[in-house]
Amino acid sequence: MYMLKKGDRMKILKIDHLGIAVNSMEEGSRFWTDIIGIGCVKTETVEEQKVTTALFPVGESEVELLEYTAADGPVAKLIEKKGTGFQHIALRVADIDAALEELKEKNVQLIDQTPRIGAGGARIAFL
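What counts, and at which threshold
- Residues numbered from 1 in each chain as written.
- Predicted model: local features only at pLDDT ≥ 70, side-chain atom pairs only at ≥ 80, totals over all residues.
- Heavy atoms only, no water.
- Buried < 20%, exposed > 50% of the residue type's maximum accessible area, 1.4 Å probe, protein only.
- Helix = DSSP H or I, 4+ residues; strand = E, 2+ residues; numbered from the N terminus.
- Arc of directions from axis to C-beta.
- Contact = heavy atoms within 4.5 Å.
- Pairing = 2+ DSSP bridges.
- Polar contact = N/O pair within 3.5 Å; in protein donor to acceptor, adjacent residues only side chain to side chain.
- Core = buried A, V, L, I, M, F, W, Y, C linked by side-chain atoms within 4.5 Å.
- Axes fitted to C-alpha atoms, helices over the stretch in contact; angles between N-to-C directions.

### Examining helix H2 (residues 74–82)
So, point 1. Buried within H2 we find Val 75, Ala 76 and Ile 79. When H2 is viewed along its axis, its buried side chains cluster within an angular range of 105 degrees and face the same direction. Facing away from the buried side of H2 by more than 90 degrees, the exposed set consists of Lys 77, Glu 80, Lys 81 and Lys 82.
So, point 2. The inward-facing, buried residues of H2 abut strand S1 (12–22), strand S3 (51–58), strand S4 (61–68) and strand S5 (85–93).
So, point 3. Of the residues flanking the end of H2, it is Gly 83, one or two places downstream, whose phi is positive at about 90 degrees.

As structure tokens, this is what we get:
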């Protein structure tokens, strides 16, 4: 695992959110609202990713539930292969383009070579 050193250009601001893949938004949401006591603040369907998302705020970060909308989408494929549960950790960076360039230079395997648009219109990239 590569550890960032002082002088690296990638500036990580915070953990933005944790993504959790669920089969049912209703069942997944029930856990966070009824048991944990956190209300959903926003839902959104992201057609490009073939998912519906629900956001639950936790301090300055969020938990994002992801329910697939098509059997051929990435979340559906992940659930088929590994089951429901943790899908990703999203780090907010100061400059996503600079971060991707730095990661490329350090030979980090990127799923996205350039940013794409995710939930809320955010520019995102998967590693």
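Next comes the rest of the write-up.
### Re the pairing of S1
So, point 1. One ladder, built from 8 bridges, connects S1 with S5; its direction is antiparallel. When the bridges of S5 are listed, Lys 14 appears paired with Arg 92.
So, point 2. Relative to S4, S1 is paired through 6 bridges, and the arrangement is parallel. The partner of Ile 20 across the bridge, within S4, is Leu 65.

### Some remarks on helix H3 (residues 96–105)
So, point 1. Among the residues of H3, those classed as buried are Ile 96, Ala 99, Leu 100, Glu 102 and Leu 103. One face of H3 carries all of its buried residues, which in axial projection span an arc of 160 degrees.
So, point 2. Looking at the buried side of H3, the elements it contacts are S5 and strand S7 (123–124).
So, point 3. N-cap assignment for H3: the residue whose side-chain oxygen lies 3.1 Å from the backbone N of Asp 97 is Asp 95.

### Re the nonpolar core
So, point 1. Core analysis: the biggest nonpolar cluster contains 9 residues, these being Ile 20, Val 22, Met 25, Trp 32, Ile 38, Ala 54, Phe 56, Val 63 and Leu 65.
So, point 2. Among the elements of the structure, S1, helix H1 (25–35), S3 and S4 are those that each provide at least two residues to this core.
So, point 3. The residues touching Phe 56, leaving out its near neighbours within four places in the chain, are Ser 29, Trp 32, Thr 33, Ile 38, Gly 39, Cys 40, Ser 61, Glu 62, Val 63 and Leu 65.
So, point 4. Formed by 7 residues, the second largest nonpolar core is a distinct cluster that contains Met 10, Ala 99, Leu 100 and Leu 103.

### Thoughts on the sheet that holds strand S2 (residues 42–46)
So, point 1. Spatial ordering of the open sheet is given by S2-S3-S4-S1-S5, a layout of 5 strands whose pairing is mixed. Looking at which strands have only one partner, the edges of the open sheet turn out to be S2 and S5. Strand-to-strand twist in this sheet, taken as the mean axis angle between neighbours without regard to direction, amounts to 25 degrees.

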